[in-house]
Amino acid sequence: MGVTSYQQRVEEWLEACFPPSVRSDRAERTHRFLEEALELAQANGCNREDAIALVEYVFGRPKGDPKQEVGGVMVTLASLCSASEIHMVEAGDVELARNWDRIDAIRAKQQSKPHGSPLPQ
């Protein structure tokens, strides 16, 4: 699989931060992505009722193809960043650099959370 330089840099950080069982756990990575997506929606003014309505809508439909859904996430994230006047790549670079500085805290949080739980703590 060919990956972008940013994705490769994130993989290098994941490798430095987590054991293979955590970094390659698809359910864990999915839960963390959903958590971050919800936090972004909340930060942009989405309320709980709208989020719950969207969860009901999405889970009332057939499952999509992960590869196509990644494309949709990338397109909608880029358009949200444009509407919010956020430079998407710069924000990603800043957060990745911040994560390198927080490896010990991130590891501790990961180790303290209930195994198999979608909740981060």
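Residues numbered from 1 in each chain as written. Predicted model: local features only at pLDDT ≥ 70, side-chain atom pairs only at ≥ 80, totals over all residues. Heavy atoms only, no water.

1. Some remarks on helix H6 (residues 88-100)
Part 1 of the argument: Taking 1.5 Å of rise per residue, the 13 residues of H6 would be expected to cover 18 Å, and the 19 Å separating its terminal C-alpha atoms lies within 8% of that figure.
Part 2 of the argument: Considered for burial, the residues of H6 that qualify are Gly92, Leu96 and Asn99. Projected onto a plane normal to the axis of H6, the buried residues spread over an arc of 60 degrees and lie on a single side. In H6, the exposed positions angled more than 90 degrees off the buried face are occupied by Glu90 and Val94.
Part 3 of the argument: Contacts from the buried residues of H6 go to helix H1 (5-17) and helix H7 (103-112). (Helix = DSSP H or I, 4+ residues; strand = E, 2+ residues; numbered from the N terminus. Expected span 1.5 Å × (residues − 1). Buried < 20%, exposed > 50% of the residue type's maximum accessible area, 1.4 Å probe, protein only. Arc of directions from axis to C-beta. Contact = heavy atoms within 4.5 Å.)

2. Remarks on the packing of aromatic side chains
Part 1 of the argument: According to the stated counting rule, one finds 1 aromatic pair in the structure shown.
Part 2 of the argument: On the basis of an interplanar angle of 80 degrees and a centroid distance of 5.8 Å, the ring pair of tryptophan 13 and phenylalanine 18 is categorised as edge-to-face.
Part 3 of the argument: Judged by relative accessible area, tryptophan 13 falls into the buried class, the value being 8%. (Phe/Tyr/Trp six-rings, centres within 6.5 Å; stacked < 30°, edge-to-face > 60°.)

3. Digging into the confidence of the model for the protein chain
Part 1 of the argument: Here the protein chain averages 92 in pLDDT, while 97% of its residues score no lower than 70.
Part 2 of the argument: Taking the mean pLDDT of every element in the protein chain, the minimum, 85, falls on H7 and the maximum, 98, on helix H5 (residues 66-83). (pLDDT = per-residue confidence, 0-100.)

4. Points about the layout of surface pockets
Part 1 of the argument: Here the second largest pocket is characterised by a volume of approximately 260 Å³.
Part 2 of the argument: Forming the boundary of the second largest pocket are Leu38, Glu39, Ala41, Gln42, Cys46, Asn47, Arg48, Ala51, Ile52 and Val55.
Part 3 of the argument: Residue assignment for the lining of the second largest pocket shows that the elements contributing at least two residues are helix H3 (26-43) and helix H4 (48-59).
Part 4 of the argument: Residue composition of the lining of the second largest pocket, grouped by class: 6 nonpolar, 2 polar and 2 charged. (1 Å grid on protein atoms, 1.4 Å probe; cavity = no way out; pocket = protein on both sides within 12 Å on 5 of 7 lines; lining within 4 Å. Points joined across faces, edges and corners; volume = space filled by probe spheres on them. Nonpolar A, V, L, I, M, F, W, Y, C, P; charged D, E, K, R; others polar.)

5. Notes on the side chain of glutamine 110
Part 1 of the argument: Its location among the elements puts glutamine 110 in helix H7.
Part 2 of the argument: Glutamine 110 gets classed as buried once you look at its relative accessible area, which sits at 19%.
Part 3 of the argument: Residue contacts for glutamine 110: discarding those within four places in its chain leaves Phe18, Val22 and Glu28.

6. Brief notes about the packing of H1 against H7
Part 1 of the argument: At a minimum axis distance of 10 Å, the contact between H1 and H7 shows a crossing angle of 65 degrees. Classified by the angle their axes make, H1 and H7 are roughly perpendicular. As for how H1 packs across H7, the hand of that crossing is right-handed. Along its contact with H1, which presents Trp13, Ala16 and Cys17, the element H7 presents Ile103, Ile106 and Arg107.
Part 2 of the argument: Its residues assigned to classes, the contact of H1 with H7 shows 5 nonpolar, no polar and 1 charged. (Axes fitted to C-alpha atoms, helices over the stretch in contact; angles between N-to-C directions. Parallel < 35°, antiparallel > 145°, perpendicular 65-115°, else oblique. Left-handed = near helix turned anticlockwise from the far one by under 90°.)

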